[in-house]
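Below are the chains, spelled out letter by letter.
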Amino acid sequence: PRAAQQVFHHIESSMEDTEFTLRCSFMEVYREKMKDLLRPNFEALRVKEVPQRGLFVDGLSREYVTCAADVMAVIRAGLRTR
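Residues numbered from 1 in each chain as written. Predicted model: local features only at pLDDT ≥ 70, side-chain atom pairs only at ≥ 80, totals over all residues. Heavy atoms only, no water.

The next subject is the pattern of salt bridges. In the structure shown here, the tally under the stated rule is four salt bridges. Ionic pairing is found between Glu 28 and Arg 82, a salt bridge with its closest N-O pair at 3.3 Å. Of this pair, Glu 28 sits in strand β2 (residues 27–30) while Arg 82 sits in the segment after α2 (68–80), and the two are 54 residues apart along the sequence. The exposure class of Glu 28 is partly exposed, given its relative accessible area of 22%. Across the pair Asp 58 and Arg 46 runs a salt bridge whose closest N-O atoms are separated by 3.3 Å. (Salt bridge = Lys/Arg side-chain N within 4 Å of Asp/Glu carboxyl O. Helix = DSSP H or I, 4+ residues; strand = E, 2+ residues; numbered from the N terminus. Buried < 20%, exposed > 50% of the residue type's maximum accessible area, 1.4 Å probe, protein only.)

This part takes up the nonpolar core. Grouped together as the largest cluster of nonpolar side chains are eight residues: Ala 4, Phe 8, Ile 11, Cys 24, Val 65, Ala 68, Val 71 and Val 74. Listed by contribution, the elements that provide at least two residues to this core are α1 (2–12) and α2. Among residues more than four places away in sequence, those in contact with Val 74 are Cys 24, Phe 26, Leu 38, Glu 63 and Val 65. (Core = buried A, V, L, I, M, F, W, Y, C linked by side-chain atoms within 4.5 Å. Contact = heavy atoms within 4.5 Å.)

What follows is the structure, given as structure tokens:
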């Protein structure tokens, strides 16, 4: 919760002409298997590497968030499927 609050505090205190887009994901790695906790029935997660983007988890859902409360809602939703 504090990390999300700090991120949004930084955004609020930044330059007015700067635009931010924030997305939140929640995954679990257990016994070398990855599970998207926001889409528990989706099982096709794979780690990929692309030169322009670097390492990322292909297929992992990403929810748009606009405040710390949105981040906490994503966390609560993910915890329900653990």
